[in-house]
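Structure at a glance
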Amino acid sequence: MATETAAAEGSSLVFHPMDQFIVKPLFGDGAVGMFTITNSTLWMLIAILAIVGLMVIGTSRRAIVPSRSQSIAELAYGFVYKMIEDVTGKDGLVYFPYIMTLFMFIVFANFLGLIPMSFTTTSHFAVTVVLAFAVFFTVTIVGFVKNGAGFLGLFWVSSAPAALRPILAVIELISYFVRPVSHSIRLAGNVMAGHAVIKVFAGFAAITLVSPISVVAITAMYGLEILVAFIQAYVFTILTCVYLKDALHPSH
């Protein structure tokens, strides 16, 4: 019995890489319900306050020679504005506030999640699925409002041979409804994977023989995660622009 217990203890992990993604109540130890304030709630609120601090308070002076916060806010504004204009054309600029909000929330949530002992909200499918379905329903509604039944032209490939058009229409329809799935999984999966790998390397840091290698690996992964934090926000946003372009100009 003692041998089995020792073996069980020896096989247990000191660091559990997936524990960092557990949603916990912020107050008390009860079950997480629909209206429970959790660590995820807290870090989403912090992300929102950080965005308000940068975009509202940081630009309130509107100086000719901008401060650092104003410069960052202006760069973010120009970056998203140019992205929408390049992908959707001038017609898509009316949706700039929505797309800008998406980009800023995701990029701030990603970067805040890199702070030690923080919680990465965008690593949870519950968050990314809501964002993806919000985009999906918004784009679909815009498509029908702007084009009526003409929006269905998105699924009809008129340039293809007549015999292939019904088959391609089914494929296009399936791919359209798969969009929110791929949209959400791409963001959450990449963020979760990077954080899990860093946690695994952190577990080996306590072992003297491999500690230097582990520290170097953590540093390299952390640098990569900084890049991934921005890239994933960019990918989510530019895909939103592509889907919006399809809604505004649905014909193949």
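Residues numbered from 1 in each chain as written. Predicted model: local features only at pLDDT ≥ 70, side-chain atom pairs only at ≥ 80, totals over all residues. Heavy atoms only, no water.

1. Some remarks on the overall build of the protein
- Per the secondary structure count, the protein includes 7 helices and 0 strands.
- Starting at the N terminus and ending at the C terminus, the protein contains elements arranged as α-α-α-α-α-α-α.
- Taking the principal axes of the C-alpha coordinates as reference, the protein spans close to 75 × 60 × 40 Å.
- Taken across its 252 residues, the protein has 37% of its residues classed as buried.
- Partitioning the intrachain contacts of the protein with sequence separation of at least 6 by distance along the chain shows that 69% fall at a separation of at least 24.
- Within the structure as shown, the protein displays about 14600 Å² of accessible surface, and the carbon and sulfur contribution to it stands at 74%.
- Of the side-chain charges in the protein, 12 are positive and 11 negative, and the distance between the mean point of each set is 13 Å. (Helix = DSSP H or I, 4+ residues; strand = E, 2+ residues; numbered from the N terminus. Buried < 20%, exposed > 50% of the residue type's maximum accessible area, 1.4 Å probe, protein only. Contact = heavy atoms within 4.5 Å. Areas by Shrake-Rupley, 256 points an atom, 1.4 Å probe, with all protein chains shown as cover. Lys, Arg positive; Asp, Glu negative; His and termini not counted. Charge placed at Lys NZ, Arg CZ, Asp CG, Glu CD.)

2. Quick look at the packing of helix α3 (residues 68-88) against helix α7 (residues 211-248)
- Relative to each other, α3 and α7 sit at 35°, their axes nearing to 9 Å. Handedness of the α3/α7 crossing: right-handed. Contacts from Phe79, Met83, Ile84, Val87 and Thr88 of α3 reach α7 at Phe230, Tyr234, Thr237, Ile238, Cys241, Val242, Leu244, Lys245 and Leu248.
- A per-class count over the contact of α3 with α7 returns 11 nonpolar, 2 polar and 1 charged. (Axes fitted to C-alpha atoms, helices over the stretch in contact; angles between N-to-C directions. Left-handed = near helix turned anticlockwise from the far one by under 90°. Nonpolar A, V, L, I, M, F, W, Y, C, P; charged D, E, K, R; others polar.)

3. Points about a nonpolar patch on the surface
- Together, Phe79, Phe111, Tyr222, Leu224, Ile226, Leu227, Phe230 and Ile231 line one region of the surface with nonpolar side chains, adding up to about 650 Å² of accessible area.
- In terms of residues, the nonpolar patch owes the most to one element, α7, which gives 6 residues.
- Position of Ile226 relative to the elements: it lies in helix α7. (Patch = residues over 30% accessible without salt bridge, like charges linked within 9 Å, V, L, I, M, F, W, Y side chains within 5 Å. Salt bridge = Lys/Arg side-chain N within 4 Å of Asp/Glu carboxyl O.)

4. Quick look at the environment of Gln20
- As for its placement among the helices and strands, Gln20 is situated in the loop between α1 (2-11) and α2 (39-57).
- Note: C-alpha distance between Gln20 and Ile185 (165 residues apart in sequence) is 18 Å.
- In contact with Gln20, not counting residues within four places along its chain, are Phe119, His195, Ala196 and Lys199.

5. Describing unusual backbone geometry
- Backbone geometry places Met117, a non-glycine residue, at a positive phi of 70°.
- Residue position: Met117 is located in the loop between α4 (96-112) and α5 (125-147).
- Classification of Met117 by relative accessible area gives exposed; the value is 83%.

6. Describing the packing of aromatic side chains
- Enumeration over the complete set of coordinates arrives at 17 aromatic pairs.
- Taking the centre distance of 5.8 Å and the plane angle of 45° together, the rings of Phe79 and Tyr234 count as tilted. On the criterion of sequence distance, the pair formed by Phe79 in helix α3 and Tyr234 in helix α7 is long-range, its members being 155 residues apart.
- Classification of Phe79 by relative accessible area gives partly exposed; the value is 30%.
- Judged by relative accessible area, Tyr234 falls into the partly exposed class, the value being 29%. (Phe/Tyr/Trp six-rings, centres within 6.5 Å; stacked < 30°, edge-to-face > 60°.)

7. Regarding the environment of Ala109
- Within the secondary structure, Ala109 sits in helix α4.
- What makes Ala109 buried here is its relative accessible area of 3%.
- The spatial distance from the C-alpha of Ala109 to the C-alpha of Phe230 is 10 Å, given a sequence separation of 121 residues.
- The contacts of Ala109, once residues within four sequence positions are left out, are Ala47, Thr120, Thr121 and Thr122.

8. Some thoughts on the side chain of Asp246
- Structurally, Asp246 can be placed in helix α7.
- Exposure remark for Asp246: the relative accessible area of 15% places this residue in the buried category.
- In this view, Asp246 contacts Phe151, Leu154 and Arg179; residues no more than four positions away in its chain are not counted.

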